[in-house]
Amino acid sequence: MTALAPTAVVGRARFAKVRAFGGDWIIWLSAGVLVLFALAAVFAPLIAPYDPEATDLRNVLAGPSGDHLLGTDQVGRDTFSRLVYGARTSLVGPLAVVAASTVLGVLVGLVAGWRGGRLDSVISRVLDIMFAFPALLLAILAVTLFGKGLVAPIVAMSIAYTPFIARQVRGLVIASRSRPYVAAYTVQGFSPTDVAVRRVLPNISPLILAQATVMFGYALLDLAAMSFLGLGVQPPTSDWGSMINDSRGAVLLGEPLTAVVPSVAVIVTVIAFNVLGEELGDRIARRDA
Amino acid sequence: MTALLEVEDLCKTYRAHGHEVAAASAVSFRLEEGGSLGIVGESGSGKTTTARMVVGLERPDSGRIVFRGQELSSRPRGRSERLERARAIQIVFQDPYLSLDPRVAVGAAVEQVVKLHTKLAGADRRRRVLDLLGQVGLGEREAGTLPRRLSGGQRQRVAIARALAVGPAVLVLDEAVSALDVSVQAQVLNLLTDIRELTGVGLLFISHDLAVVRYVCDEALVMRSGEVVERGSTAQLLSAPQHAYTRVLLDAIPRPA
């Protein structure tokens, strides 16, 4: 046993090193992809060669060519231009959802975790109930109540995503509460609110950021689904979800390209956000261990 | 004459797995102005619970904590009461790796306490911070570093400087040197003795190690299972222990052959 121990330790150290190296390129790749999409969204007018809403009925469902990098759709719109412009609505929606639900979740989680007691029990039960409703269902409900478009689904999903952040923050705050450094702040005379907001929150914020990153991918998927169902972004505005919906007819005609392009964009973005968020969370957890 | 700190009949019971465990039962002691008192006992003897009640981190089931003739409430209300309580009693915790905020550099950690408790600003405040760090043997170089770059001994010095920044009348040291190497322990103990002479702060020194307590304190209590089983001068406890448990603790001290 004693003779074996050193080898085991060396083995683990080497494994950790390989992992860290393996993790590095995948983080950079994910971050790179996301930066690329973000830049495309910001500089869409400079990048897109055509007006994304300009139709050309003499040139429908064209294959990739020098004129149209990714071909055209069923009404002759340039797929590449629609993809680039689509990045705007496809990324802004999830950004709004993640921002709103993170602010709300941090607030709720901090209050529940820090105050504890009956207030925490009540908040936790409410969060449990909210977990029972899928975000997509709430978004569809909101659309039937308030009409189609981006606003209703974004508001509904912001609320539906709040428990994911709130529960994590609550757990982290409860764990922090018993930390000696937090006790030290209390003994030094800092007010409970000050300790919670200005001392504890900054210490747990990297993990919240990691969670928010993962959520971004899910929000993008859900909003794309809403647009695919025709309940989110309305035509002729380009959006990856509605692009997939628009090309259903083309797929039946044996021209899958217009559906494949936005699908790949959605899949790649969601995976990149997931990888980035999970890896960041892992690293922070390993560092803090 | 009123004592600096008077603790009367502190009781605390925890409920665990349906059992009631008396962490402290009727703990009483007096700490005179500028004095030093040791609390000795094994883990589970109730000494840390007592310390946490004294600094207000734990609410006693019954009993009183009287500071210079005034009873301290376990839940201070409002800013002034909170700061007043902080200036009465400060604490240095056992584990210097967990008791410092990992995000805050050493100088800033001391400075935020100075900022909270004094009106000093700008250059005056920075000078005060460096004075405090100087008192514990740390300099400008350490002021800019994060706790994780410091050794255990250095971190514990930071924790002491941070506690002193409040300007407390009583300093509680809860196993404050137990996590340190023996040579570093001696340095920190010397430092505490110096600080006590310099500032007149009263020390409540909690340890499982009677030899360490003797180094700092003139008087001590011995605790076991939440009760004070013996009390007296440290010299007397060492030379003529009355209680069987004190003798057991004494036998745990390594002696030169």
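Cut-off values and rules
Residues numbered from 1 in each chain as written. Chains lettered and ligands numbered in written order. Predicted model: local features only at pLDDT ≥ 70, side-chain atom pairs only at ≥ 80, totals over all residues. Heavy atoms only, no water. 1 Å grid on protein atoms, 1.4 Å probe; cavity = no way out; pocket = protein on both sides within 12 Å on 5 of 7 lines; lining within 4 Å. Points joined across faces, edges and corners; volume = space filled by probe spheres on them. Helix = DSSP H or I, 4+ residues; strand = E, 2+ residues; numbered from the N terminus. Nonpolar A, V, L, I, M, F, W, Y, C, P; charged D, E, K, R; others polar. UniProt positions renumbered as here; feature names shortened; annotations may be inferred. Axes fitted to C-alpha atoms, helices over the stretch in contact; angles between N-to-C directions. Left-handed = near helix turned anticlockwise from the far one by under 90°. Contact = heavy atoms within 4.5 Å. Buried < 20%, exposed > 50% of the residue type's maximum accessible area, 1.4 Å probe, protein only. Phe/Tyr/Trp six-rings, centres within 6.5 Å; stacked < 30°, edge-to-face > 60°.

*Asks:* I'd love a proper account of the layout of surface pockets, names of residues and values included.
*Replies:* Empty space left among the atoms is revealed by rolling a probe the size of a water molecule over them. When its volume is computed, the largest pocket comes out at roughly 910 Å³. For the largest pocket, the lining is made up of 27 residues, of which Thr186 and Pro192 of chain A together with Gly56, Leu57 and Arg75 of chain B are closest to its centre. Among the elements that line the lining of the largest pocket, the one with the most residues is helix H7 (residues 180–188) of chain A, at four residues. For the lining of the largest pocket, the per-class residue count stands at 12 nonpolar, six polar and nine charged. What the second largest pocket holds in volume is close to 670 Å³. As for the second largest pocket, its lining consists of 23 residues, of which Arg179, Asn203, Arg287 and Asp288 of chain A together with Pro102 of chain B are closest to the centre. The set of elements that each furnish at least two residues to the lining of the second largest pocket consists of helix H6 (151–177), helix H8 (192–228) and helix H11 (257–288) of chain A.

*Asks:* Go over the UniProt feature "transmembrane region" (unreviewed entry) in chain A, please, and point to the residues and values.
*Replies:* Residues and elements named next belong to chain A. UniProt records the feature "transmembrane region" (unreviewed entry) for residues 25–48, 91–114, 126–144, 207–233 and 257–277 in the present numbering. The distance separating the terminal C-alpha atoms of residues 207–233 is 32 Å; by composition the span is 81% helix and 0% strand. For residues 257–277, helix accounts for 100% and strand for 0%, while the C-alpha atoms at its two ends are 30 Å apart.

*Asks:* Residues and numbers for the packing of helix H3 (residues 79–115) of chain A against H11 of chain A, please.
*Replies:* Residues and elements named next belong to chain A. Their axes nearest at 11 Å, the elements H3 and H11 cross at an angle of 35 degrees. Once H3 is placed against H11, the crossing between them reads as right-handed. Along the contact surface, H3 presents Thr79, Leu83 and Leu91, while H11 presents Thr258, Val261, Pro262, Ala265 and Thr269.

*Asks:* Give a detailed account of unusual backbone geometry, specifying residues and quantitative values.
*Replies:* Excluding glycine, residues mostly carry a negative phi; peptide bonds, for their part, are mostly trans. The omega angle of the peptide bond from Pro235 of chain A to Pro236 of chain A is 10 degrees, so this bond is cis rather than trans. Of note, the phi angle at Ala26 of chain B is positive, near 55 degrees, even though the residue is not glycine. Even without being glycine, Arg68 of chain B reaches a positive phi, approximately 45 degrees. Within the element layout of this structure, Arg68 of chain B appears in the loop between strand S4 (62–67) and strand S5 (70–71). Note on Arg68 of chain B: relative accessible area 43%, which makes it partly exposed.

*Asks:* Go over the packing of aromatic side chains with me, naming the residues and quoting the values.
*Replies:* Residues and elements named next belong to chain A. Summed over all chains, the structure comprises six aromatic pairs over all chains. Taken together, a centroid distance of 5.0 Å and an interplanar angle of 80 degrees make the contact between Phe131 and Phe164 edge-to-face. A residue pair is termed long-range when its members are at least 10 positions apart, and Phe131 in helix H4 (residues 117–131) and Phe164 in helix H6 qualify at 33 residues. A residue is classified by how much of its surface remains accessible, and Phe131, at 25% relative accessible area, is partly exposed. With relative accessibility at 38%, the residue Phe164 sits in the partly exposed group. Pairing Tyr185 with Phe190 gives two aromatic rings, centres 5.4 Å apart and planes at 90 degrees, and the pair type is edge-to-face. In this structure, Tyr185 and Phe190 share a single accessibility class: buried.

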